[in-house]
Amino acid sequence: MSIILLILIIIILVVFASKTLQILRPYEKGVVERLGKYNRTVESGLNIIVPFVETIRKVDLREQVVDVPPQEVITKDNAVVVVDCVIFYEVIDAFNAVYNVANFYQAITKLAQTNLRNIIGDLELDQTLTSREMINTELREVLDVATDKWGTKVVRVEIQRIEPPKDIVEAMSKQMKAERFKRATILESEGYKESEIQKAEGDKQAKILAAQAEAEAIKQVADANKYREIAVAEGKAKATEITYNAIHTGNPTNDLIAIKYLEALEKVADGKATKIFLPTEVSGILGSVGGIAELFKEDSDKSKDSKVIDDIVE
């Protein structure tokens, strides 16, 4: 009998201890009620509760998510779209989260659906499809203000999908295809235009380079001819100067000059020409030639006289 009593006492002590000692995890807080009335809020760790007098309600402080069911929303231009979103929130005040809202999930779901209708109802269809970030931000701000009294903070809101009617989707698809075809045509024409411009620029540059090369070649040929003419002229001038110096150094007589003049006339007359133009100084030259001839004649006469005298002497 004593053993059964001991076991019973142990069981009572275990139950009493489980009711008295409450352990809260790091992400939890506890709201303690004494005889049905709020008494205090306890933090994470080991907490002592008076059994059968006090009760504790644990509150999870971690960020949680609420999936808002899809709903049909009418836009400003009377287009019906199906929208659904998700809401991320966290509890920041355990007391308000416990006592200020009975069913937080249902409350925030209905609140999100109502405000989503209001926000999208002010937008046209095109704006609705392209303004997800704006809708997310605006809906989060509205929900955050509305849930302050519930002891929660809305961290962010994400629109999962915005689905327009089927006929609008088909029209948008056709519009998108037409727009892409238009862009492709424009890009093709711009590419052709650019290629023609590049080709014309290439032809222009080729002609310019060819003209420059031709001009450079002509310039080099002209420079070569100029150099050759200068070299030839300088050579002739040098030869004339040497000849002139040689003539004056040799101090030729009039007789030699006359003979050279006649030799030059002989070369002039040599050829197929039927007419010969003699310089005006030819009379003077001929006179010199006549003088030379007289000298030769006198020398010949002197030779003959000497020969006659020699014959007589013999």
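Residues numbered from 1 in each chain as written. Predicted model: local features only at pLDDT ≥ 70, side-chain atom pairs only at ≥ 80, totals over all residues. Heavy atoms only, no water.

Q: What is the right way to read the overall build of the chain from this model?
A: Tallying secondary structure elements over the chain gives 8 helices and 8 strands in all. The buried share of the chain, taken over its 314 residues, is 21%. Taking the intrachain contacts of the chain between residues at least 6 apart in sequence as the baseline, contacts between residues at least 24 apart amount to 65%. (Helix = DSSP H or I, 4+ residues; strand = E, 2+ residues; numbered from the N terminus. Buried < 20%, exposed > 50% of the residue type's maximum accessible area, 1.4 Å probe, protein only. Contact = heavy atoms within 4.5 Å.)

Q: For this particular structure, what's the right way to read a nonpolar patch on the surface?
A: Residues Leu5, Leu8, Ile9, Ile12 and Leu13 make up a contiguous nonpolar surface patch of about 470 Å² in total accessible area. Within the secondary structure, Ile12 is located in helix H1 (residues 2-20). (Patch = residues over 30% accessible without salt bridge, like charges linked within 9 Å, V, L, I, M, F, W, Y side chains within 5 Å. Areas by Shrake-Rupley, 256 points an atom, 1.4 Å probe, with all protein chains shown as cover. Salt bridge = Lys/Arg side-chain N within 4 Å of Asp/Glu carboxyl O.)

Q: Even after reading the chapter, I still don't get the confidence of the model for the chain, so can you show me in this structure?
A: Caution applies to low-pLDDT regions: their predicted coordinates should not be interpreted in detail. Taken over all residues, the pLDDT of the chain has a mean of 79, while the share at 70 or more is 78%. Mean pLDDT across the elements of the chain bottoms out in helix H8 (residues 282-313) (49) and peaks in strand E7 (residues 80-91) (91). Confidence drops under pLDDT 50 across residues 304-314; counting only partners more than four residues distant or on other chains, this segment forms 0 contacts. (pLDDT = per-residue confidence, 0-100.)

Q: Would you explain the pattern of salt bridges in this entry?
A: The tally for this structure, following the rule as stated, stands at 10 salt bridges. Where Glu63 meets Arg156, a salt bridge forms, and the shortest distance between an N and an O atom there is 3.1 Å. Linking Glu63 in the loop between strand E5 (54-60) and strand E6 (64-74) with Arg156 in strand E8 (residues 152-163), this pair joins segments that are 93 residues apart in sequence. For Arg228, the salt bridge is made with Glu229, and the minimal N-O distance between the two is 3.6 Å. Residue classification places Arg228 among the partly exposed positions, given a relative accessible area of 46%. Salt bridges linked by common partners bring Arg34, Arg40 and Glu54 together as one network.

Q: Just checking my understanding: could you explain the nonpolar core for this structure?
A: It is characteristic of soluble globular proteins that their nonpolar side chains tend to be buried jointly. Judged by nonpolar contacts, the single largest core of 26 residues is most densely connected at Val83, Ile87, Leu116 and Ile135. Looking at this core, the elements that each hand over two or more residues are E6, E7, helix H3 (104-121), helix H5 (132-146) and E8. Tallying contributions element by element places H3 first for this core, with 6 residues. Setting aside its immediate chain neighbours within four residues, Val83 contacts Pro69, Pro70, Gln71, Val73, Leu116, Ile120, Ile159, Arg161 and Ile162. (Core = buried A, V, L, I, M, F, W, Y, C linked by side-chain atoms within 4.5 Å.)

Q: Sorry, what's going on with the packing of aromatic side chains here?
A: By convention here, two paired aromatic rings are described through the distance between centres and the angle between planes. Enumeration over the complete set of coordinates arrives at 5 aromatic pairs. Ring geometry for Tyr89 versus Phe104: centroids 4.4 Å apart, planes at 45°, classification tilted. Taken together, the residues Tyr89 in strand E7 and Phe104 in helix H3 connect sequence positions 15 residues apart. For Tyr89, a relative accessible area of 9% puts it in the buried group. Where Phe95 meets Tyr99, the ring centres are 4.8 Å apart and the plane angle is 45°; that geometry is what we call tilted. On the criterion of helical spacing, the pair formed by Phe95 and Tyr99 is a turn pair, its members being 4 residues apart in helix H2 (residues 94-99). Overall, the relative accessible area of 30% leaves Phe95 in the partly exposed class. Sitting over the ring of Tyr27, Arg62 keeps its end group 3.8 Å from the ring centre. Above the ring of Phe88, the side-chain terminus of Arg156 is found at 4.2 Å from the ring centroid. (Phe/Tyr/Trp six-rings, centres within 6.5 Å; stacked < 30°, edge-to-face > 60°. Lys NZ or Arg CZ within 6 Å of the ring centre and 35° of its normal.)

Q: In this structure, what is going on with the packing of H3 against H5? I would like to understand it.
A: A pair of packed helices is characterised by two quantities: the angle between their axes and the separation of those axes. Where H3 meets H5, the closest approach of the two axes is 10 Å, and the angle between their N-to-C directions is 135°. With respect to their mutual orientation, H3 and H5 come out oblique. Of the two possible hands of crossing, H3 and H5 adopt the one that is right-handed. Two secondary-structure elements touch here, H3 through Leu111, Ala112, Asn115, Leu116, Ile119 and Ile120 and H5 through Ile135, Glu138, Leu139, Val142, Leu143 and Ala146. Grouping the constituent residues of the contact of H3 with H5 by class yields 10 nonpolar, 1 polar and 1 charged. (Axes fitted to C-alpha atoms, helices over the stretch in contact; angles between N-to-C directions. Parallel < 35°, antiparallel > 145°, perpendicular 65-115°, else oblique. Left-handed = near helix turned anticlockwise from the far one by under 90°. Nonpolar A, V, L, I, M, F, W, Y, C, P; charged D, E, K, R; others polar.)

Q: In this structure, what is going on with the sheet that holds strand E3 (residues 37-42)? I would like to understand it.
A: Across a sheet, paired strands are connected by hydrogen bonds in the backbone, their directions being either parallel or antiparallel. Strand order across the open sheet formed by 3 strands is E3-E2-E5, with antiparallel pairing between neighbours. Because the sheet does not close on itself, it has two edges, and the strands there are E3 and E5. Ignoring strand direction, the axes of neighbouring strands in this sheet form an average angle of 25°. In this sheet, E3 lies alongside strand E2 (residues 28-34) in antiparallel orientation, the contact comprising 5 bridges. Of the residues in E3, the one forming a bridge with Val31 is Thr41. (Pairing = 2+ DSSP bridges.)

Q: Would you explain unusual backbone geometry in this entry?
A: Here Leu35, not a glycine, exhibits a phi torsion of approximately 55°, which is positive. Positionally, Leu35 belongs in the loop between E2 and E3. According to the relative accessible area criterion, Leu35 is exposed, its value standing at 68%.

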